[in-house]
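Listed here are the chains, written in short residue letters.
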Amino acid sequence: MEITVNLGPRSYPIVLDRGIAAALPIRLKNNFPKSKFGLVTNTTLAKLYGDLIGQWERDLGCTIHCMPDGERYKKLETWGAIFDTFLPAKFERSSVIIALGGGVVGDVAGFAAATLMRGIACVQVPTTLLAMVDSSVGGKTAVDHAAGKNLIGAFHQPRLVWIDTAFLDTLPPREYGAGCAELLKYGFIGGPDHFDFIAANGQSILDGKPAVLLEGLRRGIAVKAGVVERDEHETRGERALLNFGHTFAHALEKYFGFEALLHGEAVWWGMRCACELGRRLGTIPGHSVARYEALMEFFPRPPLPSVPPAGELIRAMQFDKKVASGTPAFVIPAAPGSAIVKNDVPLNLVEEAMNAVLSST
Ligand SMILES: NC(=O)c1ccc[n+]([C@@H]2O[C@H](COP(=O)([O-])OP(=O)(O)OC[C@H]3O[C@@H](n4cnc5c(N)ncnc54)[C@H](O)[C@@H]3O)[C@@H](O)[C@H]2O)c1
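Calculation criteria
Residues numbered from 1 in each chain as written. Predicted model: local features only at pLDDT ≥ 70, side-chain atom pairs only at ≥ 80, totals over all residues. Heavy atoms only, no water. Pairing = 2+ DSSP bridges. Helix = DSSP H or I, 4+ residues; strand = E, 2+ residues; numbered from the N terminus. Axes fitted to C-alpha atoms, helices over the stretch in contact; angles between N-to-C directions. Contact = heavy atoms within 4.5 Å. Buried < 20%, exposed > 50% of the residue type's maximum accessible area, 1.4 Å probe, protein only. Parallel < 35°, antiparallel > 145°, perpendicular 65-115°, else oblique. Left-handed = near helix turned anticlockwise from the far one by under 90°. Nonpolar A, V, L, I, M, F, W, Y, C, P; charged D, E, K, R; others polar. Arc of directions from axis to C-beta. Core = buried A, V, L, I, M, F, W, Y, C linked by side-chain atoms within 4.5 Å. Domains from an automatic or database assignment. Expected span 1.5 Å × (residues − 1). Buried area = accessible area lost by both parts, 1.4 Å probe. Salt bridge = Lys/Arg side-chain N within 4 Å of Asp/Glu carboxyl O. Polar contact = N/O pair within 3.5 Å; in protein donor to acceptor, adjacent residues only side chain to side chain.

Novice: What is the right way to read the sheet that holds strand S1 (residues 2-5) from this model?
Specialist: Backbone-to-backbone hydrogen bonds join strands into a sheet, with any given pair of strands oriented parallel or antiparallel. Spatially, the seven strands line up as an open sheet ordered S1-S2-S9-S6-S5-S3-S4, and their pairing is mixed. Both edges of this open sheet fall to S1 and strand S4 (63-67), since each of them pairs with a single strand only. The sheet shows a mean angle of 15 degrees between the axes of neighbouring strands, taken without regard to direction. Bridge count for strand S2 (residues 12-17) against strand S9 (residues 160-164) is four bridges, and the pairing is parallel. Its bridge partner being in S9, Leu-16 is matched across the sheet by Ile-163. Contacts between helix H5 (residues 103-115) and the sheet are confined to strand S3 (37-42), S4, strand S5 (96-101) and strand S6 (121-126), with S5 contributing the most and set at about 170 degrees to the helix.

Rendered as structure tokens:
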């Protein structure tokens, strides 16, 4: 199946199916007949998918750059090393970078594509559930800085996203669970029908049943594509809806360190806090909050290393790059499947909501 992100001259297809990885070179040779190709992946994927990478290397004649694995390597040095491989290989404006990996590889390789020769084509081939449903689509690319996550980056839309759900067969269960949180998020912002779909198919999604998973991904990606089409550069407010639970999640990631708590795990807790905040602010009736909670609890509850002090999390929120004039914005449920952004939430209510949720770990 194919979904188009409609952005005028920057429009691109997202091709989604099980078992399509080997067919990527044919598509690329059709789309970019005269281009040089470079593949960026990481050490874990290079071991797991050596045969596939070898096939792409032969079919496309591509130069391979393998980066170390982990969020801690999502930094400027790792980004710079990509140029050390591709520039001596005589990359030019027409060259194409293929990003094979999860959100970390996608963000770093995407940022390299955004900046090499002032911007070359990028093809995203996501291999984690989180990257399939979220990070490979939408054009946000970045590396982290000691001052915070994703602080150095660019908007650079891919030219093609190629999603083969068979990659998920080798994904560790913890990473799969973290991706489920982002899949759930799209159920929470994507309208009542999508909410009901996730509610009705939770077990099949957890079990990775191919057809249901493809349909869940298709729905989630379609929601993201629509939001990106309406607010590509996050200037109109709507793209902020994608941050459901993320104000809390970023503070949790900062408090625990980015590898003790995975991004998707932090999002799971962030969404629980957002629901509790919604209950306390009255943006959503209590019986509806209960539906969200039941759905989230159906998925594995990610363990927190300890109970984080709410006051420290609030301090961490002030440093989030999305904080306008010191007031964090919160995306809060409004009804099953829809959410609103609020910029004027009293911080004592935020603290109470976090205490209620996080002390129950
Ligand atoms: N650009 C965006 O819009 C956006 C959106 C959400 C998240 N992100 C970013 O995404 C990153 C998180 O991405 P992630 O959750 O994919 O983490 P990740 O890229 O670190 O991947 C998680 C782990 O799974 C391994 N892995 C990947 N695919 C595998 C496979 N098929 N089989 C076995 N192992 C595999 C990786 O090597 C890694 O160890 C964060 O840096 C976050 O900031 C970006």
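Novice: Looking at this model, I keep getting lost on unusual backbone geometry. Mind explaining?
Specialist: Glycine aside, a negative phi is what most residues show, and trans is what most peptide bonds show. With a phi close to 55 degrees, Met-117 is a non-glycine residue in the positive phi region. Within the secondary structure, Met-117 sits in the loop between H5 and S6. For Met-117, a relative accessible area of 32% gives the class partly exposed. If you check the backbone angles, Arg-118 has positive phi at about 65 degrees while not being a glycine.

Novice: Teacher, can you tell me more about the packing of helix H13 (residues 310-318) against helix H14 (residues 347-358) here?
Specialist: Two quantities define a packed helix pair, namely the angle between the helix axes and the distance between the axes. The interhelical angle for the contact between H13 and H14, taken along N-to-C directions, is 125 degrees, at an axis separation of 9 Å. The angle between the axes of H13 and H14 places the two elements in the oblique class. When you trace H13 past H14, the crossing you get is right-handed. Contacts from Ala-310, Gly-311, Leu-313, Ile-314, Met-317 and Gln-318 in H13 reach Leu-347, Val-350, Glu-351, Met-354, Asn-355 and Leu-358 in H14. Considering only residue class, the contact of H13 with H14 consists of eight nonpolar, three polar and one charged.

Novice: Looking at this structure, I do not really get the pairing of strand S8 (residues 148-155). What am I missing?
Specialist: The two faces of the sheet receive side chains in turn, since in a regular strand these alternate between them. Judged from the five bridges that link them, strand S7 (residues 140-145) and S8 form a sheet pairing that is antiparallel. Of the residues in S8, the one forming a bridge with Ala-142 is Gly-153. Hairpin geometry of S7 and S8 is characterised by an intervening segment of two residues between the two adjacent antiparallel strands.

Novice: Where do I start with H13 in this structure?
Specialist: An α-helical segment advances 3.6 residues per turn. Residues three or four places apart therefore align on the same side. Within the span of H13, buried status applies to Ala-310, Leu-313, Ile-314, Ala-316 and Met-317. Buried residues along H13 cover an arc of 160 degrees about the axis, so they all sit on one side. Against helix H10 (246-256), strand S10 (330-335) and H14 lie the buried residues of H13.

Novice: Can you help me understand the nonpolar core in this one?
Specialist: Soluble globular proteins: nonpolar side chains tend toward being buried together. Membership of the largest hydrophobic core comes to 100 residues, with the highest contact counts inside it found for Ile-98 and Met-354. For this core, the two domains that each supply at least three residues are domain 1 (2-170) and domain 2 (173-358). Apart from residues no more than four positions distant in its own chain, Ile-98 is found in contact with Leu-24, Leu-28, Phe-37, Gly-38, Leu-39, Val-40, Trp-56, Leu-60, Val-123 and Val-125. Counting residues in each nonpolar core, the second largest holds 21 residues, with Phe-86, Ala-109, Phe-111 and Cys-122 among its members.

Novice: Even after reading the chapter, I still don't get the environment of Leu-7, so can you show me in this structure?
Specialist: Turning to its location among the elements, Leu-7 is positioned in the loop between S1 and S2. Relative accessible area serves as the criterion here: at 8%, Leu-7 is assigned to the buried category. When the C-alpha atoms of Leu-7 and Ala-46 are compared, they prove to be 33 Å apart, with 39 residues separating the residues in sequence. With residues near it in sequence (within four places) discarded, Leu-7 still touches Tyr-12, Gln-157, Val-228, Glu-229 and Glu-232.

Novice: What is the right way to read helix H7 (residues 173-189) from this model?
Specialist: Taking 1.5 Å of rise per residue, the 17 residues of H7 would be expected to cover 24 Å, and the 25 Å separating its terminal C-alpha atoms lies within 8% of that figure. For H7, the tally of buried residues reaches 13 of 17 residues, placing the bulk of the element in the interior. Positive phi appears at Gly-191, one or two residues downstream of H7, with a value of about 100 degrees.

Novice: Help me out: how do you make sense of the packing of H10 against H13 in this one?
Specialist: In contact at an axis separation of 8 Å, H10 and H13 are set at 105 degrees when each is read in the N-to-C sense. By the angle between their directions, the pair H10 and H13 is classed as roughly perpendicular. Contacts between H10 and H13 pair Thr-247, Phe-248, Ala-251, Leu-252, Lys-254 and Tyr-255 from the former with Glu-312, Leu-313, Ala-316 and Met-317 from the latter. Among the residues forming the contact of H10 with H13, the class breakdown is seven nonpolar, one polar and two charged.

Novice: I'm lost on the domain arrangement of the protein in this one. Help?
Specialist: Each assigned domain of the protein is listed with its residue range as follows: domain 1 (2-170) and domain 2 (173-358). Computed from C-alpha atoms alone, the centre-to-centre distance between domain 1 and domain 2 is 26 Å. With 30 residues of domain 1 at the contact, the number on the domain 2 side is 31 residues. Overall, the association of domain 1 and domain 2 removes approximately 2,700 Å² of surface from exposure, summing both partners, and the carbon and sulfur fraction of that is 68%. Considering only the surface of domain 1 that becomes buried against domain 2, Leu-129, Val-133 and Lys-149 emerge as the three largest contributors, covering 23% of it. Summed over the shared surface of domain 1 and domain 2, the result is five salt bridges. For the salt bridge of Glu-234 with Lys-140, the shortest nitrogen-to-oxygen distance reads 2.6 Å. On the surface where domain 1 and domain 2 come into contact, there are eight residue pairs in polar contact (both at pLDDT 80 or more). Those elements that provide at least two residues to the side of domain 1 that touches domain 2 are S1, S2, helix H6 (129-135) and S8. Among the elements that take part in the side of domain 1 that touches domain 2, H6 stands out by supplying five residues, more than any other.

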